[in-house]
Amino acid sequence: MPGDTTLTRRPGRFGRHGGQYVPETLMPALAELARAHTEALADPGFAADLDVLLRDFAGRPTPLDRARRLEAALDSPAPIYLKREDLLHTGAHKLNNTIGQVLLARRMGKRRIIAETGAGQHGVATAAVCARFGLECIVYMGETDMQRQRPNVQRMHLFGAEVRPARTGRRTLQDATSEAIRDWVANVETTYYVIGSAVGPHPYPELVAGFQTVIGGEARAQILDAEGRLPSHAVACVGGGSNALGLFRGFLDDPEVALVGVEAGGSADGHARTLGLGDPGVLHGAMSLLLQDEDGQVAPVHSVSAGLDYPGVGPQLAHLVDTFRLVAAAATDAEALAAFADLCRLEGILPALETAHAIAHLRALVREPDVRLVVVNCSGRGDKDLDHLPEEVTP
Ligand SMILES: *Cc1c(COP(=O)(O)O)cnc(C)c1O
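Asker: Which residues make up the domain arrangement of the protein chain, and what values do they have?
Answerer: It is common to give the size of an interface as the accessible area lost on bringing the parts into contact. As far as domains go, the protein chain holds domain 1 (15-54 + 94-204) and domain 2 (60-91 + 212-388). For domain 1 and domain 2, the distance between their C-alpha centroids amounts to 22 Å. Taken residue by residue, the interface counts 38 residues in domain 1 and 43 residues in domain 2. In terms of surface lost to domain 2, no three residues of domain 1 exceed His17, Asn96 and Arg148, which account for 21% of the buried area on that side. Between domain 1 and domain 2 we count 16 residue pairs in polar contact (both at pLDDT 80 or more) in total. Within the residue set of the side of domain 1 that touches domain 2, elements represented by two or more residues are strand E2 (17-18), helix H4 (94-107), helix H5 (121-133), helix H6 (143-148), helix H7 (150-158) and helix H8 (173-186).

Asker: Now, about the sheet that holds strand E5 (residues 112-117): what can you tell me, with residues and values included?
Answerer: Here 4 strands make up an open sheet; going across it, the order is E7-E6-E5-E8 and the pairing parallel. Among the strands making up the open sheet, the edge pair consists of strand E7 (162-166) and strand E8 (191-194). Across the sheet, the axes of successive neighbouring strands diverge by a mean angle of 25°, strand direction being ignored. As paired elements, E5 and E8 share 4 bridges and run parallel to each other. Within the sheet, the bridge partner assigned to Ile114 lies in E8 and is Tyr193. Against the sheet, H5 makes contact with E5, strand E6 (136-142) and E8, and its axis sits at roughly 160° relative to E5, the strand it touches most.

Asker: Mind laying out the packing of H5 against H7, listing which residues take part and the relevant values?
Answerer: Running from amino to carboxyl end, H5 crosses H7 at an angle of 15°, the nearest separation of the two axes being 9 Å. As summarised for this structure, H5 and H7 are arranged roughly parallel, according to the angle between their axes. The two elements H5 and H7 cross, and the hand of that crossing is left-handed. From H5, Gln121, Gly123, Val124 and Ala127 reach across to H7, where they touch Asn152, Arg155 and Met156. Split into classes, the residues belonging to the contact of H5 with H7 amount to 3 nonpolar, 3 polar and 1 charged.

Asker: Give me the environment of Gly18: which residues, what numbers.
Answerer: With respect to the secondary-structure elements, Gly18 resides in strand E2. Here Gly18 falls in the buried class, since its relative accessible area comes to 2%. A sequence separation of 257 residues divides Gly18 from Leu275, and the C-alpha atoms of the two residues are 14 Å apart.

Asker: Let's hear about the nonpolar core: which residues, and what values?
Answerer: Ranked by size, the top nonpolar core spans 57 residues in total, and within it Leu95, Ile99, Leu104, Met156, Trp184, Tyr192 and Tyr204 carry the most contacts. The two domains that each donate at least three residues to this core are domain 1 (15-54 + 94-204) and domain 2 (60-91 + 212-388). Listed in part, the 32 residues of the second largest apolar core include Val262, Leu343, Ala360 and Val376.

Asker: Lay out H8 in plain terms, naming residues and giving numbers.
Answerer: Between the first and last C-alpha of H8 there are 20 Å, a value that for 14 residues agrees with the 20 Å anticipated at 1.5 Å per step. Those residues of H8 not exposed but buried are Leu173, Asp175, Ala176, Thr177, Glu179, Ala180, Asp183 and Trp184.

Asker: I'd like a description of the layout of surface pockets, backed by residues and values.
Answerer: The computed volume of the largest pocket comes to approximately 590 Å³. If you trace the largest pocket, you find 46 residues lining it, with Glu116, Leu173, Gly196, Ser197 and Val199 closest to the centre. Breaking the lining of the largest pocket down by element, the ones donating at least two residues are E5, H5, H8, helix H10 (242-248), strand E12 (279-283) and helix H14 (353-365). Looking at the lining of the largest pocket element by element, the count peaks at 4 residues for H8. In the lining of the largest pocket, the residues fall into 21 nonpolar, 21 polar and 4 charged.

Analysis parameters
Residues numbered from 1 in each chain as written. Predicted model: local features only at pLDDT ≥ 70, side-chain atom pairs only at ≥ 80, totals over all residues. Heavy atoms only, no water. Domains from an automatic or database assignment. Contact = heavy atoms within 4.5 Å. Buried area = accessible area lost by both parts, 1.4 Å probe. Polar contact = N/O pair within 3.5 Å; in protein donor to acceptor, adjacent residues only side chain to side chain. Helix = DSSP H or I, 4+ residues; strand = E, 2+ residues; numbered from the N terminus. Pairing = 2+ DSSP bridges. Axes fitted to C-alpha atoms, helices over the stretch in contact; angles between N-to-C directions. Parallel < 35°, antiparallel > 145°, perpendicular 65-115°, else oblique. Left-handed = near helix turned anticlockwise from the far one by under 90°. Nonpolar A, V, L, I, M, F, W, Y, C, P; charged D, E, K, R; others polar. Buried < 20%, exposed > 50% of the residue type's maximum accessible area, 1.4 Å probe, protein only. Core = buried A, V, L, I, M, F, W, Y, C linked by side-chain atoms within 4.5 Å. Expected span 1.5 Å × (residues − 1). 1 Å grid on protein atoms, 1.4 Å probe; cavity = no way out; pocket = protein on both sides within 12 Å on 5 of 7 lines; lining within 4 Å. Points joined across faces, edges and corners; volume = space filled by probe spheres on them.

In structure tokens:
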């Protein structure tokens, strides 16, 4: 039924998506993780520790900030509010999840932490929390991404993490993820794998989205406080789906709030429109929508932003598209770069190139007839992208 966004009875399934497609050796580890997660959620002590870290280390709550000059420039009939996750420590929403998962790892007695990273934001967030708790941290990163996102590699090193280059495939996030899974299979007794988006085998999609739901929870209360009503539209960029789900889950039970996920429309070099153009398939442990070639092989993807060029997407978002609860939109590289420049000039906010995709879609969205109030997730800040901007953006 359209709009039915509840879990099916099988744990870890979102309609036809989700599940656990992993080597047999990982099944006990996933069961152990699911058990620890359930126990942690039932423990008020865990919630209290998490709250303190989110407040004092990360800087929550983040503001909900009205973008009046952007509204004027877009000739928007609707107020536009930015949920300022760019103000979170380490510069993106990623930290909400890494704090939660590293607390979980500590609870489980694991002292070796591994992670994969694309743009480097998840690696930086994981490394920061590991430094905070004195844990060993190894981050897998595609060699191409290491070049594109050098400042983040430096940050990880400063936080004491080891960054291991992934040299297979296109040397981006997908390859780094495969390397991290290989490491986990080999070292599963001692190692906790901190996944950076709402992807992977059960329980990860639920676990990650759960830790990100703080975004939507705050945004819902803040928009009610500011405007006395719910937004007509909640908008977020979609890579794996964690910042989008984090925002959307604050409004899932409000059918009057339209949810819009903006994917990387890319360029002539390709795209990463998994929700919009993908077919069902298995990648990195879960069934979801997936960009594939005619033979069912994972298709090459492209985006100007390193955090969006992933051929898969989290199973819950795929299910929300299946059930018509979520609209999948896209912004091209060029549109995202223009929106990046707009937000800098109009609002004094330097967004991440990932975030700029969500901003870019506003231009089309505000022309739709039923747009009355918009909340956009400003998922991260763009300092990391400055070394890599094309000349037409940097005057
Ligand atoms: C990683 C990242 C994304 C994409 O990841 P999701 O899991 O889809 O949120 C988007 N924005 C920023 C700033 C990021 O760092």
